[in-house]
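# Remarks on the overall topology
Here's the letter readout for the chains.
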Number of protein chains: 2
Amino acid sequence: MIETLRRYVPILDWGRTYTRDALQSDLLAAVIVTIMLIPQSLAYALLAGLPPEAGLYASILPIILYAIFGTSRALAVGPVAVVSLMTAAAVGQVAEQGTAGYAVAALTLAVLSGAILLAMGLFRLGFVANFLSHPVIAGFITASGILIAASQLKHILGVEAHGHTLIEMVASLVAHLPETNLVTLVIGVAATAFLFWVRKGLKPFLIARGVRPRLADIAQKAGPVGAVVVTTLLVWGLGLSQTAGVSIVGAVPQSLPPFTLPGLSLDLVSALFIPALLISVIGFVESISVAQTLAAKKRQRIDPDQELIGLGAANIGAGFTGGYPVTGGFARSAVNFDAGAETPAAGAFTAIGLAIAALALTPLIFFLPKATLAATIIVAVLSLVDFSILKKTWGYAKADFVAVAATILLTLGLGVEAGVSAGVILSIALHLYKTSKPHVAEVGLVPGTHHFRNILRHHVKTHPEVVTLRIDESLYFANARFLEDLVQDRVTADSPVKHVVLMCSAVNEIDTSALESLEAVNERLKSMGVKLHLSEVKGPVTDRLKRSHFLDELTGEVFLSQYDAWVALTKKTPGPALQAAQ
Amino acid sequence: MIETLRRYVPILDWGRTYTRDALQSDLLAAVIVTIMLIPQSLAYALLAGLPPEAGLYASILPIILYAIFGTSRALAVGPVAVVSLMTAAAVGQVAEQGTAGYAVAALTLAVLSGAILLAMGLFRLGFVANFLSHPVIAGFITASGILIAASQLKHILGVEAHGHTLIEMVASLVAHLPETNLVTLVIGVAATAFLFWVRKGLKPFLIARGVRPRLADIAQKAGPVGAVVVTTLLVWGLGLSQTAGVSIVGAVPQSLPPFTLPGLSLDLVSALFIPALLISVIGFVESISVAQTLAAKKRQRIDPDQELIGLGAANIGAGFTGGYPVTGGFARSAVNFDAGAETPAAGAFTAIGLAIAALALTPLIFFLPKATLAATIIVAVLSLVDFSILKKTWGYAKADFVAVAATILLTLGLGVEAGVSAGVILSIALHLYKTSKPHVAEVGLVPGTHHFRNILRHHVKTHPEVVTLRIDESLYFANARFLEDLVQDRVTADSPVKHVVLMCSAVNEIDTSALESLEAVNERLKSMGVKLHLSEVKGPVTDRLKRSHFLDELTGEVFLSQYDAWVALTKKTPGPALQAAQ
């Protein structure tokens, strides 16, 4: 009972042994992460098409819920770039940006996504995430980074522009180019350049000037706050929002996260279900990758199914407190880890920091230019863009290359949902295609050994009456007919054959379709006076074959080893081969 | 050039060597098949919701086109039960039965299906049919048989009823039960009983009375014609259509197949595309199974891609001559084969016979009761119903059982398209699920041999510092993460381990995702001071690994055989093991 509770509520486990040292580490990490998260949360809310406070709200209760239910000690949950973009794409289909319906749909999306994650966790369906192949994820993240950066250019230019695909965005930007607000452009470009420099150059710059590395590190993380403060003061001091029309964040309510009710009408839920599923899976994959990478560094373990429950609770929390879908982000988790967070309590302290910000600091960002937030996003997401996966897969596996290239092109050309769906479907289809035409080698005995090798690659002994085919794949419906054709081709072309041996050392499964194909092969060979034998059939496969009638009907025998088959069928004594092996 | 032409137009091949003997055999087979096909074609058109002549038209030009382009010597192409039902389901969604739009949509469906088959043939995509697993097909055929029989009950009862699912049909029948036409019911039940007796009892009955088996066989095949003649005469002689309201076939145009134009509006084509795809794949699978079974009996070969071209041409022909989708049927092909058809010319002669029937015999069927045609269908399709696949898969492979059961239930409950789609998707999903949790065995050396076996199943030698894991599955995206977890679990739990050997004898592929997982495993083990080794890696897998950087980064070695790995890592001499093997 206690054990079960502890499994589902990990805080009961680490909470009992919480020490003063861990408290200090967690508090320090929380301060650093809070400073980093304030501008980031506002910016990602903007990316999702929501008012900036939604980003803060999405970081408060979800962090606390994850701290209670999640297993990772360093994962920081909240809005992330890719999920924010997917939220904008999904909610944009059912409501107009800026309307009350839009915010409600975002809440619904969060609750739906939370419910899906929770259900996957309770039914232990974490393996579903495995169907996203690494190259498809890499391609999707790269394409999303480009899309996100492109979507922020309108804020840098200070124009209105729309679109969910790269072509739409670029076309809309070009059409609105003449309306560019030059002051906004200067602020945006300067902020972007500054933030790039902070990311790459600030730390070495400070260290060269004698600042301690640890402090230089914190300064680097606080860089975006510097950009926020300077540009806000500039816009306020020079009155740029009134005189030059610089777009600013404006009034943000000064409150703790409000209690909100997501819309749960059947129409809305059914329209958002598939997007919520995609967001859940993408969010889970991102989160679990980060959590596992960080856990491995400290030799800790992550329980993927419990992670689903933690993320599910976080998203449901986001849906009831004015947020939108959240997940474990790479950047914030890495900062949390590097800052020395020891337990999920660091997350809870971060939540308190953000709650104070939401209560007290929001009036200070009234004059914050949107261009600065856009610059924050652009600098963050461009680090996600990495085309090396194309080169890697091209050299290693063309099928994976096709899947990546399609994912990137479709994400850019048709949007995030089409892109990631196409990537998943294509990966599965290509895998099935490959296994539907398995590698089959005709093998012969390597003289002086018990080993059998491909007759095309090696000098081996063969026998005119015995054909041995080594099947390098599990036999299942997609390749069942292939096997029938193969045996038929090999045997009609070569009349002296009296025995066909299927060497099954690499056959891990024989499903019902393949069983029926084997029965058909057995029947056809029987009518031609040829016997069918099997060799090196694995334990689990044999166990299953014994439950069918196939072994009774088989014209030949089942040999434990291919060498036994060779000896029995070629009527040779085992002597010479063994002697040679001595 | 000539060779290419001969490949795509097989008639050029067998046509050159056509003999007088073959002509006689083909003519006799054609007569028998024609007699069988007349009532069957009329009945299937009724099942598809089309006027009866559509069934005749669908059997004339398509047969000739298949004879030119197809490779099977015995396959008889025309309307079949399952495809007729699927046509009714598909066309019923876009047009009202009995309207001109309905017939036009059926033509469009035939042309679309033909175009899909042709394209699949030209692009050599015949393997797509492999994704329908045998159990799913068996379940689908069984459920379709039940649906078809249920759909014909309204003709036996003489009432109006509707519905595309079993529940709808039964509900509609029950609602209309009070309107039952008793005379129609008597005719329908008598015809059904007679036809069942013809199928089971006529042949032994005649043989027992001294009739030659060959003649008894022909009599059995002509049985449905007998039922047609007797019931038609009865209705005509007693004036049952006027006095008792027995529903009859009525006026059928007396003509050769007309030239018809399918509707090709974008709306119609896009609405019918998915149904056409399903009909193509189901039709192709049925056809190729029949063709291969019959070809194997005469040791002939079928070229699946050329079959696609033959069936594609036949369907396009059906679309332009007043027909609807066709395929190679089991019953008619078996009759053709048994009747001694030697070449596709038998099909051409059958087409001539049916053309004569369409021109001359249609006035004779004016008074043919629809109940007789319904009886023909019911008796034909109930032979397709076979639930043994449920028992077989339950005993052999539970995953296949789930796929079959779902296919049957969904076909009956939601209709043919939902049923077959669910079957395909579920088969693929279950296959992926199985391979995502592969069988991995920790192995040890069988004393006195070079063989390694599961430590849980056998008494084997192990070494505390060396863990050998035999992976019984290809490594790809769906199980990449599984491998990471597995190694991590095994090695953190057992601190003395210094070497992990992955035995890859059953690994047929390592895709990019799995490569990245191996890299991650290598890195993690390295940070723990443990070396990762591979053994028994196959040629194609090694070739590919050499194209990546993995082998450079690998902390351990790649051993040709597991025994080599054991010897090297346990620092033992190979002496004792080999001596024992002598």
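Scroll up to find the structure.
Everything in this summary refers to the structure shown in the same document. (Residues numbered from 1 in each chain as written. Chains lettered and ligands numbered in written order. Predicted model: local features only at pLDDT ≥ 70, side-chain atom pairs only at ≥ 80, totals over all residues. Heavy atoms only, no water.)

## Some points on unusual backbone geometry
All names here are of chain A. For Glu536, which is not a glycine, the phi torsion comes out positive at approximately 55°. Along the chain, the position of Glu536 falls in the loop between strand E7 (531-535) and helix H22 (539-546). Overall, Glu536 belongs to the partly exposed group, its relative accessible area being 25%. (Helix = DSSP H or I, 4+ residues; strand = E, 2+ residues; numbered from the N terminus. Buried < 20%, exposed > 50% of the residue type's maximum accessible area, 1.4 Å probe, protein only.)

## Topic: the relation of the copies chain A and chain B
Look at the two chain copies: a rotation about an axis and a shift along it is all it takes to match them. After a rotation of 180° and a shift along the axis of 0.0 Å, chain A superposes on chain B with an RMSD of 0.1 Å. Such a turn and shift between the copies fits a two-fold axis. Among all residues of chain A, the one whose C-alpha sits closest to the rotation axis is Ala506 of chain A, at a distance of 2.1 Å. Looking at chain A, 100% of its interface residues are interface residues in chain B too, so the copies touch through the same face. (Least-squares fit on C-alpha atoms with pLDDT ≥ 70 in both. Contact = heavy atoms within 4.5 Å.)

## Topic: helix H16 (residues 370-382) of chain B
All names here are of chain B. Look at H16: 18 Å from first C-alpha to last across 13 residues, which is about the 18 Å you get at 1.5 Å a residue. Within H16, 11 of the 13 residues are buried, which leaves it mostly tucked inside the rest of the structure. Looking at H16, one finds that the buried residues are Ala371, Thr372, Leu373, Ala374, Ala375, Thr376, Ile377, Ile378, Val379, Ala380 and Val381. (Expected span 1.5 Å × (residues − 1).)

## Describing the packing of aromatic side chains
For the structure shown, the criterion picks out 14 aromatic pairs over all chains. Taken together, a centroid distance of 6.3 Å and an interplanar angle of 40° make the contact between Phe194 of chain A and Trp197 of chain A tilted. With Phe194 of chain A and Trp197 of chain A both in helix H9 (residues 182-208) and three residues apart, this pair spans about one turn of that helix. A relative accessible area of 37% places Trp197 of chain A in the partly exposed class. A network of ring pairs unites the aromatic residues Phe194, Trp197 and Phe205 of chain A as a single cluster. For the cation-ring pair, Arg209 of chain A lies above Phe205 of chain A, with the distance from its terminal atom to the ring centre recorded as 3.9 Å. Note that Arg544 of chain A overlies the ring of Tyr396 of chain B, its terminal NZ or CZ placed 5.6 Å from the centroid. (Phe/Tyr/Trp six-rings, centres within 6.5 Å; stacked < 30°, edge-to-face > 60°. Lys NZ or Arg CZ within 6 Å of the ring centre and 35° of its normal.)

## Considerations on the packing of helix H3 (residues 20-47) of chain A against helix H15 (residues 345-361) of chain A
All names here are of chain A. One way to put it is that H3 packs onto H15 with a least axis distance of 8 Å and a crossing angle of 45°. Overall, the two elements H3 and H15 adopt an arrangement that is oblique. Relative to H15, H3 is oriented so that their crossing is right-handed. Facing H3, whose interface residues are Leu23, Asp26, Leu27, Ala29, Ala30, Val33, Thr34, Leu37 and Ile38, H15 presents Ala345, Ala346, Phe349, Thr350, Gly353, Leu354, Ala357 and Leu361. When its residues are assigned to classes, the contact of H3 with H15 shows 13 nonpolar, three polar and one charged. (Axes fitted to C-alpha atoms, helices over the stretch in contact; angles between N-to-C directions. Parallel < 35°, antiparallel > 145°, perpendicular 65-115°, else oblique. Left-handed = near helix turned anticlockwise from the far one by under 90°. Nonpolar A, V, L, I, M, F, W, Y, C, P; charged D, E, K, R; others polar.)

## Examining the interface of chain A and chain B
How big an interface is tends to be stated in terms of the accessible area lost upon association of its parts. Each side of the interface is counted separately: chain A has 69 residues, and chain B has 69 residues. Taken together, both faces of the contact between chain A and chain B bury some 6,300 Å²; the carbon and sulfur share is 51%. Three residues, Tyr396, Phe477 and Arg481 of chain A, lead the burial of chain A against chain B; their summed loss comes to 14% of the area buried on that side. Between chain A and chain B we count 10 salt bridges in total. The salt bridge involving Asp472 of chain B is made with Lys538 of chain A; its shortest N-O contact spans 3.1 Å. Counting the contacts that link chain A with chain B gives 24 residue pairs in polar contact (both at pLDDT 80 or more). Every element with two or more residues in the side of chain A that touches chain B is listed here: helix H7 (134-157), helix H12 (266-297), helix H17 (388-396), helix H19 (416-436), helix H20 (477-492), helix H21 (512-527), H22 and helix H25 (575-581) of chain A. For the side of chain A that touches chain B, the residue count by class is 24 nonpolar, 23 polar and 22 charged. (Buried area = accessible area lost by both parts, 1.4 Å probe. Salt bridge = Lys/Arg side-chain N within 4 Å of Asp/Glu carboxyl O. Polar contact = N/O pair within 3.5 Å; in protein donor to acceptor, adjacent residues only side chain to side chain.)

## A closer look at the pattern of salt bridges
Tallied over the full model, the rule gives 22 salt bridges over all chains. With a shortest N-O distance of 3.4 Å, Glu519 of chain A and Lys392 of chain B are connected by a salt bridge. Taken together, the residues Glu519 of chain A in helix H21 and Lys392 of chain B in helix H17 (residues 388-396) connect one chain to another. Salt-bridge contacts for Arg457 of chain B lead to Asp543 of chain A; the nearest nitrogen and oxygen are separated by 3.8 Å. Highlighted residues: Arg457 of chain B in the loop between strand E4 (452-454) and strand E5 (466-471) and Asp543 of chain A in helix H22, drawn from two different chains. According to the relative accessible area criterion, Asp543 of chain A is partly exposed, its value standing at 37%. One salt-bridge network, in which partners are shared between bridges, spans Lys392 of chain A together with Glu516 and Glu519 of chain B.

## Focus: the side chain of Thr71 of chain B
All names here are of chain B. In this fold, Thr71 is placed in the loop between helix H4 (53-69) and strand E1 (77-78). Within the local environment of Thr71, its side chain forms a polar contact with the backbone nitrogen of Asp303, the two atoms lying 3.5 Å apart. A polar side-chain atom of Thr71 sits 2.6 Å from a polar atom in the side chain of Glu307. Look past the residues within four positions of Thr71 in its chain and what remains in contact with it is Pro10, Tyr66, Ile302, Asp303, Gln306 and Glu307.

## Here we look at the nonpolar core
Residues Met86, Leu132 and Tyr324 of chain B are the most contacted members of the largest nonpolar core, which totals 101 residues. Looking at which element gives the most residues to this core, the answer is helix H12 (residues 266-297) of chain B, with 14 residues. If near-sequence neighbours (up to four positions away) are discounted, Leu132 of chain B is found in contact with Ile137, Val281, Ile282, Val285, Val420 and Val424 of chain B. Ranked by size, the runner-up nonpolar core spans 100 residues in total, among them Ala43, Ile63, Leu132 and Tyr324 of chain A. (Core = buried A, V, L, I, M, F, W, Y, C linked by side-chain atoms within 4.5 Å.)

## Here we look at the pairing of strand E5 (residues 466-471) of chain A
Residue and element names in this part refer to chain A. The element E5 is largely enclosed, with a buried count of six among its six residues. Side chains of E5 alternate between two faces, with Val466, Thr468 and Arg470 and Val467, Leu469 and Ile471 buried alike. Here E5 pairs with strand E6 (residues 499-503) via five bridges, running parallel. Following the sheet pairing, Val466 is matched in E6 by His499. (Pairing = 2+ DSSP bridges.)

## Observations regarding the sheet that holds E5 of chain B
The strands that make up a sheet are held in pairs by hydrogen bonds between backbone atoms, and each pair lies either parallel or antiparallel. Residues and elements named next belong to chain B. In space, the six strands of this open sheet follow the order E4-E3-E5-E6-E7-E8, with mixed pairing throughout. Strand pairing shows two members of the sheet lacking a second neighbour, E4 and strand E8 (558-559), which therefore form its edges. Examined bridge by bridge, strand E7 (residues 531-535) and E8 share two bridges and lie parallel to one another. Within E8, the residue paired with Ser535 across the bridge is Phe559.

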